[in-house]
2 protein chains.
Amino acid sequence: MTIRIAIVGLGKIANDQHIPAILASDAFEFVAGASHEGSYPGIAMFRDVDELLAADVRVDAVAMCQPPQVRVDAAAKAIRAGKHVLLEKPPGATLAEVEALVQLAKGAGTTLFAAWHSRFAPGVHDARAWLAERRIDSARIVWKEDVRRWHPGQQWIWEPGGLGVFDPGINALSIATAILPNHFYLASGTLEVPANRAAPIAAELNMVGMNGEPVHAVFDWRQQGPQTWDIVVETDDGTLSLTHGGAQLVIDGTAREVGPEREYSDLYAHFAHLIAQGLSDVDRTPLRLVADAFMRCRQVQVDAFED
Amino acid sequence: MTIRIAIVGLGKIANDQHIPAILASDAFEFVAGASHEGSYPGIAMFRDVDELLAADVRVDAVAMCQPPQVRVDAAAKAIRAGKHVLLEKPPGATLAEVEALVQLAKGAGTTLFAAWHSRFAPGVHDARAWLAERRIDSARIVWKEDVRRWHPGQQWIWEPGGLGVFDPGINALSIATAILPNHFYLASGTLEVPANRAAPIAAELNMVGMNGEPVHAVFDWRQQGPQTWDIVVETDDGTLSLTHGGAQLVIDGTAREVGPEREYSDLYAHFAHLIAQGLSDVDRTPLRLVADAFMRCRQVQVDAFED
């Protein structure tokens, strides 16, 4: 039976990724939207989640694509109304609010899915399988992009709870926590916060795995020219390079065939599977690392940044 | 059989609380210390945890009383050596490192105890029991003290991972998470950070419980004169006031008899119980709220503070 799905927050990520993936899916039917901005031809539109839930439109599931600062309230209302809920990344602005949603979904018997889209990048599965059988000696994460190019006009990312450069950086952490076999944690680090902003524009994290292996990450939003989304892992049996945000996998200099990019198609297939099985999937590990970074790192003020 | 215990970090909290509680306990025998500073008459002293673990002194358990920034390494070594470990609050400088210790203790089959001493304050047990049967309408936490009086010379509290005013504030959060029946989470807040410091000197947290009830907290380290460590909870059946850090309980204007202060005695009795039963007790909820506060709150710079 087709899952009738609504989207809350019809901004950039909904239009670029969620709507095309839903329209291409046999499992879902796109039936409604709720947003202060945007609309979609032929789709019932509501001002907010309250209007959506009160309306005479049958909805089985809701994808939450609004900024994280306002997500928990809408998600809680949808779960209380018995809807299955997909949370765009990050799943919330705090860890404790995600815990609240997990409790609510358990009580309601609905599916809650914290959707880490980068984990569905083509090379992630094979990278994890290859690393699982090897000793990790070190990992280096370099995630450098141009915020003006990827987040035009998104002022919420610079506000508290918007995470700043951790908005893309958490994608790297979602991949690293998926492919590295050992748990790792933050030992020290630095956040660079522009004088006119509430969130960091760059970060350096010195992390360490359970066997003492270093896991080093550099995030920067001031990268012009070529963009960098790379994870390089040294093992006792060669070097793995997962680059282009997880789309390309090179092991010891040899490129592996990993198939085409279909992150959001696979993500929605997983959501349909969870609903069919009556399961939830809410991994807080990447957001926990980010919260740790805000708590543990030294903040330094850098030049004001205008986008 | 008596549990032979060592203390790592012989600073203020070890001398003020841990040593007296251990000496007064029938369950424990104080056999060794490891510290860059301090010593204790008749007790074998080592420079650090490595020397302690390599020495010819039988040790069953280790209490970690050093600053949180250096705790994880020592705790990991003690657990790997098969020791039961007590972690002073906060249990670590990050959530992920506490998770690492939990994994290690599980693997080693040892007891790990995150000791939230304020939960052993005299009024906490009765407050929890009374609130469990009532509807919570609101809670207000006010935790204001003079950092110069309570943390003389402790520069680590101002460094990243030292938590600043959350070092005492997390005691309030450890009580609130124990006595309030509903899960609650941070919605917004402000951290005041002195111009010459890396950690906040004051904080205001707007939190919310699962039924929408407000849970408001104010922490301040600049309080002179009388000190304030109060939690006031409004319910559908009267007002509960847990004051003096949990030592006094007043319900609807009537003081309840809660017995004398014996936080660390009860804390060590619980540690002995956990060891005897082969259990661990590592609640991360208070530290998670603090990590959320660093991630979610707006930081404002305030006057430089010299202690």
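Just so we're clear, the structure is a prediction, and the values are computed from it rather than from any experiment.

Participant: What is the right way to look at the overall build of chain A in this model?
Facilitator: Scanning chain A for helices and strands turns up 9 helices and 15 strands. In terms of C-alpha radius of gyration, chain A reaches 19 Å, essentially the compact-globule figure of 19 Å for 307 residues. Along the first, second and third principal axes, the C-alpha atoms of chain A reach 60 × 45 × 35 Å. Split into buried and exposed, the 307 residues of chain A put 59% on the buried side. In chain A, of all internal contacts separated by at least 6 residues, the share reaching a separation of at least 24 is 71%. Accessible area of chain A: about 12,100 Å², with a carbon and sulfur share of 47%. Both charge centroids of chain A, one from 26 positive and one from 39 negative side chains, sit 3 Å from each other.

Participant: Hey, could you run me through the relation of the copies chain A and chain B in this one?
Facilitator: Relating one copy of the chain to the other takes a rotation about an axis and a shift parallel to that axis. It takes a turn of 180 degrees to lay chain A on chain B, together with a shift of 0.0 Å along the axis; the resulting RMSD is 0.0 Å. Such a combination of rotation and displacement between the chain copies is what one expects of a two-fold axis. The residues that chain A uses at the interface reappear at the interface of chain B in 100% of cases, marking a shared surface.

Participant: Would you mind showing me how to read the interface of chain A and chain B here?
Facilitator: Many structure descriptions define interface size as the accessible area lost when the parts assemble. Counting from both sides, the interface comprises 35 residues of chain A and, opposite them, 35 residues of chain B. Between chain A and chain B, roughly 3,000 Å² of surface is buried when both sides are summed, and carbon and sulfur atoms account for 60% of that area. Among the residues of chain A in contact with chain B, Met210, Met295 and Arg296 of chain A are the three that bury the most area, contributing 23% of the side total. At the boundary of chain A and chain B, one finds 4 salt bridges. The shortest N-O distance in the salt bridge between Glu99 of chain A and Arg288 of chain B comes to 3.6 Å. Counting across the chain A and chain B interface gives 13 residue pairs in polar contact (both at pLDDT 80 or more). When residues of the side of chain A that touches chain B are traced back to their parent elements, those giving at least two are helix 3 (71–80), helix 4 (95–108), strand 8 (184–194), helix 9 (285–296) and strand 15 (298–302) of chain A. The element that contributes the greatest number of residues to the side of chain A that touches chain B is helix 9 of chain A, accounting for 9 residues. A breakdown of the residues in the side of chain A that touches chain B according to their chemical character gives 20 nonpolar, 6 polar and 9 charged.

Participant: What is the right way to look at the side chain of His183 of chain A in this model?
Facilitator: With respect to the helices, strands and loops of the structure, His183 of chain A is situated in the loop between helix 7 (166–179) and strand 8. Engagement of the side chain of His183 of chain A in a polar contact is seen with the backbone oxygen of Ala96 of chain B, the distance being 2.7 Å. Ignoring any residue separated from it by four or fewer positions in sequence, one finds His183 of chain A in contact with Val208, Gly209, Met210 and Arg288 of chain A together with Ala96, Glu99, Ala100 and Gln103 of chain B.

Participant: Just to check I follow, could you spell out the packing of helix 7 of chain A against helix 9 of chain A for this structure?
Facilitator: Helix-helix packing: each pair is described by the crossing angle between the helix axes and the interaxial distance. All names here are of chain A. For the pair helix 7 and helix 9, interaxial distance at closest approach is 8 Å and the crossing angle is 125 degrees. Taken together, helix 7 and helix 9 sit at an angle that is classed as oblique. Note that helix 7 runs across helix 9; the crossing there is right-handed. Facing helix 7, whose interface residues are Phe166, Ile170, Leu173, Ser174 and Thr177, helix 9 presents Thr285, Pro286, Leu287, Leu289, Val290, Ala293 and Phe294. Taken together, the residues of the contact of helix 7 with helix 9 sort by class into 9 nonpolar, 3 polar and no charged.

Participant: Sorry if this is basic, but what is going on with the nonpolar core here?
Facilitator: The nonpolar side chains of soluble globular proteins are, as a tendency, buried together. Formed by 171 residues in total, the largest nonpolar core has its most connected members in Phe166 and Phe219 of chain A together with Phe166 and Phe219 of chain B. Not counting residues within four places of it along the chain, the set of residues in contact with Phe166 of chain B comprises Leu191, Pro200, Ala203, Leu205, Phe219, Val290, Ala293 and Phe294 of chain B.

Participant: It is not clear to me how the packing of helix 5 (residues 124–132) of chain B against helix 7 (residues 166–179) of chain B should be interpreted in this structure. Could you clarify?
Facilitator: Residue and element names in this part refer to chain B. Interhelical geometry of helix 5 versus helix 7 gives an angle of 40 degrees and a closest axis separation of 8 Å. The angle between helix 5 and helix 7 falls in the class oblique. For the pair formed by helix 5 and helix 7, the contact residues are Val124, Ala127, Arg128 and Leu131 on the first element and Ile175, Ala178 and Ile179 on the second. Looking at the contact of helix 5 with helix 7 residue by residue, the class counts come to 6 nonpolar, no polar and 1 charged.

Participant: Help me understand helix 7 of chain B, please; the structure alone is not making it clear to me.
Facilitator: Since there are 3.6 residues in each turn of an α-helix, residues three or four apart along the chain are aligned in direction. Helix length check: helix 7 of chain B (14 residues) gives 19 Å between terminal C-alpha atoms against 20 Å at 1.5 Å per residue, within 8%. Burial of helix 7 of chain B is extensive: 13 of the 14 residues sit out of reach of the surface.

Participant: It is not clear to me how the domain arrangement of chain A should be interpreted in this structure. Could you clarify?
Facilitator: Residue and element names in this part refer to chain A. Assigned domains of chain A: these are domain 1 (3–115) and domain 2 (119–259 + 291–302). Each of domain 1 and domain 2 was reduced to a C-alpha centroid, and the two centroids are 27 Å apart. Contact between domain 1 and domain 2 buries roughly 820 Å² in total, counting both sides, with carbon and sulfur atoms accounting for 65%. Sorting the residues of domain 1 by area buried against domain 2 places Lys12, Gln69 and Lys89 first, and these three jointly supply 53% of that buried surface. On inspection of domain 1 and its partner domain 2, the count reaches 1 salt bridge. Inspection of the region where domain 1 meets domain 2 yields 4 residue pairs in polar contact (both at pLDDT 80 or more).

Participant: When you look at the sheet that holds strand 14 (residues 254–256) of chain B in this model, what are you seeing that I'm missing?
Facilitator: Sheet strands line up and pair through hydrogen bonds in the backbone, either parallel or antiparallel. Residue and element names in this part refer to chain B. Read from one edge of the open sheet, 9 strands run 14-13-12-11-7-10-9-8-15, paired in mixed fashion. If you trace the sheet from one side to the other, it starts and ends with strand 14 and strand 15 (298–302), each paired once. Across the sheet, the axes of successive neighbouring strands diverge by a mean angle of 15 degrees, strand direction being ignored. The pairing of strand 7 (residues 136–144) with strand 11 (residues 228–235) spans 8 bridges and is antiparallel. Within strand 11, the residue paired with Ile141 across the bridge is Ile231.

Cut-offs used in this document
- Residues numbered from 1 in each chain as written.
- Chains lettered and ligands numbered in written order.
- Predicted model: local features only at pLDDT ≥ 70, side-chain atom pairs only at ≥ 80, totals over all residues.
- Heavy atoms only, no water.
- Helix = DSSP H or I, 4+ residues; strand = E, 2+ residues; numbered from the N terminus.
- Rg over C-alpha atoms; globule rule 2.2 N^0.38 Å.
- Buried < 20%, exposed > 50% of the residue type's maximum accessible area, 1.4 Å probe, protein only.
- Contact = heavy atoms within 4.5 Å.
- Areas by Shrake-Rupley, 256 points an atom, 1.4 Å probe, with all protein chains shown as cover.
- Lys, Arg positive; Asp, Glu negative; His and termini not counted.
- Charge placed at Lys NZ, Arg CZ, Asp CG, Glu CD.
- Least-squares fit on C-alpha atoms with pLDDT ≥ 70 in both.
- Buried area = accessible area lost by both parts, 1.4 Å probe.
- Salt bridge = Lys/Arg side-chain N within 4 Å of Asp/Glu carboxyl O.
- Polar contact = N/O pair within 3.5 Å; in protein donor to acceptor, adjacent residues only side chain to side chain.
- Nonpolar A, V, L, I, M, F, W, Y, C, P; charged D, E, K, R; others polar.
- Axes fitted to C-alpha atoms, helices over the stretch in contact; angles between N-to-C directions.
- Parallel < 35°, antiparallel > 145°, perpendicular 65-115°, else oblique.
- Left-handed = near helix turned anticlockwise from the far one by under 90°.
- Core = buried A, V, L, I, M, F, W, Y, C linked by side-chain atoms within 4.5 Å.
- Expected span 1.5 Å × (residues − 1).
- Domains from an automatic or database assignment.
- Pairing = 2+ DSSP bridges.

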